[in-house]
Amino acid sequence: MTPRKVILDCDPGQDDAVALFLAMSSPSELDILGITTVAGNVPLELTQRNARMICDIAGQSNLAVYAGCARPMQRDPITAEAIHGNTGIDGIDVFEPQTRLQEQHAVDFIIAALLAADEHSITLVATGPLTNIGTAIRQQPSILDSVEEIVLMGGTMREGGNRSPSAEFNILVDPDAADIVFKCGRPITAMGLDVSHKVLSTRKRVSRIEALGHPVAKATAGMLSFFHRHDSKKYGSEGTPLHDPCTVAYLLQPELFEFKECNVSVETESELTLGHTAVDFWHVTDRPLNCSWAYEVDADGFFELLTNRLARFANPA
Ligand code: BDR
Ligand code: CA
């Protein structure tokens with residue numbers, strides 16, 4: 001099987017970091033063309049540094065990491081240190097990574113990679129605010145011809161919001177970019193809170209990963225244990241939702257999820273419900289179907305996949 005070409009657009013973030021590890025563990029399925037970073041959970045200078053640290057820990061310093069947009073397309077930044085810690089990936093010790101930061105801006109990289117690619121040949125995996133991708137589409141709409149699929153972590157329907165009563169964090173931070181993406185016309189698969197809130201990193205599941213014993217496993221366990229402190233209190237559940245790895249898990253094992261083709265539209269104006277994803281789950285409008293909306297997940301299967309794939313890092317460089 002030829003691996004699927006992917007660009008990983010992220011704002012690490014502990015859960016972004018685990019999504020990166022999962023993607024790096026799976027070279028026969030995923031060919032990572034680049035990792036593009038964006039301001040989100042923490043400012044850009046930290047998300048790009050964190051992505052490079054994750055490459056180092058995984059022994060994949062050869063991967064190209066790009067820094068992208070430092071702020072949303074039209075609004076002031078919103079960050080999430082209360083959840084992710086001041087570093088964005090509290091739970092592991094911060095260090096200056098060996099993995100180089102590429103000089104090219106992430107948006108320029110995305111545009112250049114897509115312009116050079118065959119039709120429908122690249123999958124964009126987005127686990128942060130959609131600023132880089134929205135900006136790239138606005139600057140050069142013809143890049144969409146090369147997009148096979150956009151797989152994103154964002155939005156919410158049944159679960160309600162996690163950063164405002166109506167909105168999920170990634171969409172709330174840059175609703176204008178999300179609006180561009182959801183209207184782009186290419187296939188979109190959305191992993192929102194409706195599934196990520198079911199993928200809970202309980203102590204038992206984290207212990208299994210930690211027992212693998214290698215640096216990637218220890219880093220994952222450290223980050224998830226930190227994450228746990230905040231979210232278990234917030235949601236009253238044991239274990240924190242592991243949002244972002246749902247995107248990569250879908251690419252590796254789509255049968256873990258159930259989907260419905262829906263229209264998803266993003267609220268960009270209302271002060272009260274800014275960033276709300278209006279998911280037309282019951283097809284009560286005639287808006288075009290623009291999204292495969294994930295609404296169910298096999299959480300045990302997800303952790304089986306994650307643990308088995310992380311086990312592959314037994315001998316990191
Ligand atoms: C999303 O927001 C961020 O805090 C996480 O990294 C994830 O991408 C969940 O709402
Ligand atoms: Ca994220």
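No experiment lies behind these values; they were computed from the predicted model shown. (Residues numbered from 1 in each chain as written. Chains lettered and ligands numbered in written order. Predicted model: local features only at pLDDT ≥ 70, side-chain atom pairs only at ≥ 80, totals over all residues. Heavy atoms only, no water.)

Colleague: Just give me the short version of the sheet that holds strand β12 (residues 291–297), but keep the residues and values in it.
Modeller: The strand order β3-β2-β1-β4-β5-β6-β12-β9 describes an open sheet built from eight strands, whose pairing is mixed. Each end of this open sheet is capped by a strand with a single partner; those strands are β3 (65–67) and β9 (257–262). Geometrically, the sheet is characterised by an average inter-axis angle of 25° between neighbouring strands, direction not taken into account. With five bridges joining them, strand β4 (residues 122–126) and strand β5 (residues 147–153) adopt parallel strand pairing. Residue pairing in the sheet places L124 in a bridge with I150 of β5. Contacts between helix α4 (residues 106–115) and the sheet are confined to β1 (4–10), β2 (30–37), β3, β4 and β5, with β2 contributing the most and set at about 150° to the helix. (Pairing = 2+ DSSP bridges. Helix = DSSP H or I, 4+ residues; strand = E, 2+ residues; numbered from the N terminus. Axes fitted to C-alpha atoms, helices over the stretch in contact; angles between N-to-C directions. Contact = heavy atoms within 4.5 Å.)

Colleague: Describe the packing of helix α1 (residues 14–24) against helix α11 (residues 245–252), listing the residues and the values that go with them.
Modeller: Remark: α1 packs on α11, axes separated minimally by 8 Å, with the N-to-C direction vectors making an angle of 20°. By the angle between their axes, α1 is roughly parallel relative to α11. Residues D15, V18, A19, L22 and A23 of α1 lie in contact with α11, whose contacting residues are P245, V248, A249 and L252. When the residues that make up the contact of α1 with α11 are grouped by side-chain class, the tally is eight nonpolar, no polar and one charged. (Parallel < 35°, antiparallel > 145°, perpendicular 65-115°, else oblique. Nonpolar A, V, L, I, M, F, W, Y, C, P; charged D, E, K, R; others polar.)

Colleague: Please provide a residue-by-residue account of the packing of α1 against helix α2 (residues 44–57), values included.
Modeller: The geometry of a pair of packed helices is captured by two quantities: the angle between their axes and the separation between those axes. The interhelical angle for the contact between α1 and α2, taken along N-to-C directions, is 40°, at an axis separation of 10 Å. In terms of orientation, α1 and α2 fall into the oblique class. Two packed elements cross with a definite hand, and for α1 against α2 that hand is right-handed. Residues A17, L20, F21 and M24 of α1 touch α2, and the partners they reach there are A51, I54, C55 and I57. Of the residues in the contact of α1 with α2, the class split is eight nonpolar, no polar and no charged. (Left-handed = near helix turned anticlockwise from the far one by under 90°.)

Colleague: If you had to explain the site of ligand 1 to someone new, which residues and values would you point to?
Modeller: Neighbouring residues of ligand 1: D15, D16, N41, H84, T127, M153, N162, E168, F169, N170, H243 and D244. Within the side chain of D15, one N or O atom sits 2.6 Å away from an oxygen atom of ligand 1. Side-chain polar atom of N162 to an oxygen atom of ligand 1: 2.8 Å apart, as the coordinates give it. Compared with its free state, where it exposes 280 Å², ligand 1 has 97% of that area covered by protein. (Near = heavy atom within 4 Å. Polar contact = N/O pair within 3.5 Å; in protein donor to acceptor, adjacent residues only side chain to side chain. Areas by Shrake-Rupley, 256 points an atom, 1.4 Å probe, with all protein chains shown as cover.)

Colleague: Just give me the short version of the coordination of the calcium ion (ligand 2), but keep the residues and values in it.
Modeller: All of the protein donors around the calcium ion (ligand 2) are D11 (OD), D16 (OD), D16 (OD), T127 (O) and D244 (OD); their distances to the metal are 2.2 to 2.6 Å. Sequence spacing of the donors to the calcium ion (ligand 2): D-x4-D-x110-T-x116-D. Placement of the pair is D11 in the loop between β1 and α1 and D244 in the loop between β8 (240–241) and α11, with a sequence separation of 233 residues. Neither D11 nor D244 differs from the other in exposure class; each is buried. (Donors = N, O, S within 2.8 Å, 3.2 Å for Na, K, Ca; no water. Buried < 20%, exposed > 50% of the residue type's maximum accessible area, 1.4 Å probe, protein only.)

Colleague: Can you break down the packing of aromatic side chains residue by residue, with the values?
Modeller: Going through the model one piece at a time under the given rule, you end up with seven aromatic pairs. When the centroid spacing of 5.4 Å and the interplanar angle of 70° are considered together, the rings of Y250 and F259 count as edge-to-face. Plain terms: the ring middles of F281 and Y295 are 5.4 Å apart, the flat faces sit at 80° to each other, and that makes the pair edge-to-face. Of this pair, F281 sits in the loop between β11 (277–279) and β12 while Y295 sits in strand β12, and the two are 14 residues apart along the sequence. The exposure class of F281 is buried, given its relative accessible area of 5%. What makes Y295 partly exposed here is its relative accessible area of 22%. An aromatic cluster of three or more residues is present, and its members are Y250, F257 and F259. (Phe/Tyr/Trp six-rings, centres within 6.5 Å; stacked < 30°, edge-to-face > 60°.)

Colleague: Any details on empty space enclosed by the protein? Residues and values, ideally.
Modeller: Taken as a whole and judged by the stated rule, the model has two cavities of 30 Å³ or more. What the largest cavity holds in volume is close to 220 Å³. In terms of lining residues, the largest cavity is bounded by 21 residues, among which N41, H84, N162, F169 and H243 are the most central. Listed by contribution, the elements that provide at least two residues to the lining of the largest cavity are α1, α3 (81–84), α6 (169–173) and α10 (215–235). Of all the elements, α10 adds the most residues to the lining of the largest cavity, at four residues. Of the residues contributing to the lining of the largest cavity, the split by class is seven nonpolar, six polar and eight charged. The calculated volume of the second largest cavity comes to roughly 50 Å³. For the second largest cavity, the full set of lining residues is L8, D9, C10, D16, A19, L20, V125, T127 and V248. Mapped onto the lining of the second largest cavity, the elements with two or more residues apiece are β1 and α1. Counted by class, the lining of the second largest cavity contains six nonpolar, one polar and two charged residues. (1 Å grid on protein atoms, 1.4 Å probe; cavity = no way out; pocket = protein on both sides within 12 Å on 5 of 7 lines; lining within 4 Å. Points joined across faces, edges and corners; volume = space filled by probe spheres on them.)

Colleague: Can you explain the side chain of R309? Please cite residues and give values.
Modeller: Mapped onto the secondary structure, R309 falls in helix α12 (residues 299–310). Relative accessible area serves as the criterion here: at 11%, R309 is assigned to the buried category. Excluding its chain neighbours within four sequence positions, the residues that come into contact with R309 are L22, S25, S26, E29 and L252.

Remember, this is a structural readout, not a statement about activity or role.
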